[in-house]
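Chain by chain, the residues:
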Amino acid sequence: MRNRLLDRITVEPGKCGGMPCIRGFRLRVTDVLELLSHGASFEELLADYPFLEREDILAAIAYAAHQTDHVVLDAS
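Computed from a predicted model, the values in this text were never measured in an experiment.

Undergrad: An account of the nonpolar core is requested, with residue identities and associated values reported.
TA: Formed by 15 residues in total, the largest nonpolar core has its most connected members in Ile9, Ile22, Val29, Val32, Leu52 and Ile57. Listing elements by their share of this core, those giving two or more residues are helix H1 (2-6), helix H2 (29-37), helix H3 (42-48) and helix H4 (54-67). Ignoring sequence-local partners within four residues, the contact set of isoleucine 9 consists of Pro20, Cys21, Ile22, Val29, Ala59, Ala60 and Tyr63.

Next up, the structure:
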């Protein structure tokens, strides 16, 4: 399921500065995450962005989780 969700995230040079986007649209993963962090509901996002699907929102969250899933080494 996770890989299927991550397939919805695209990166294209020249589109949104090469930032990860939702299915090739000019809506960045970070835009979706910021809206959610400011209290927007899934329903609000789906209403405001007609091309957006529930799985796209889940994909943005899965992508963020994947990007932060690594060991942080202390340089001290």
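Undergrad: A description of the environment of arginine 54 should follow, citing residues and the corresponding values.
TA: Mapping arginine 54 onto the fold places it in helix H4. Residue arginine 54 is classed as partly exposed on the basis of its relative accessible area of 45%. C-alpha of arginine 54 to C-alpha of isoleucine 9: the two residues are 45 residues apart in sequence and 13 Å apart in space.

Calculation rules
- Residues numbered from 1 in each chain as written.
- Predicted model: local features only at pLDDT ≥ 70, side-chain atom pairs only at ≥ 80, totals over all residues.
- Heavy atoms only, no water.
- Core = buried A, V, L, I, M, F, W, Y, C linked by side-chain atoms within 4.5 Å.
- Buried < 20%, exposed > 50% of the residue type's maximum accessible area, 1.4 Å probe, protein only.
- Helix = DSSP H or I, 4+ residues; strand = E, 2+ residues; numbered from the N terminus.
- Contact = heavy atoms within 4.5 Å.

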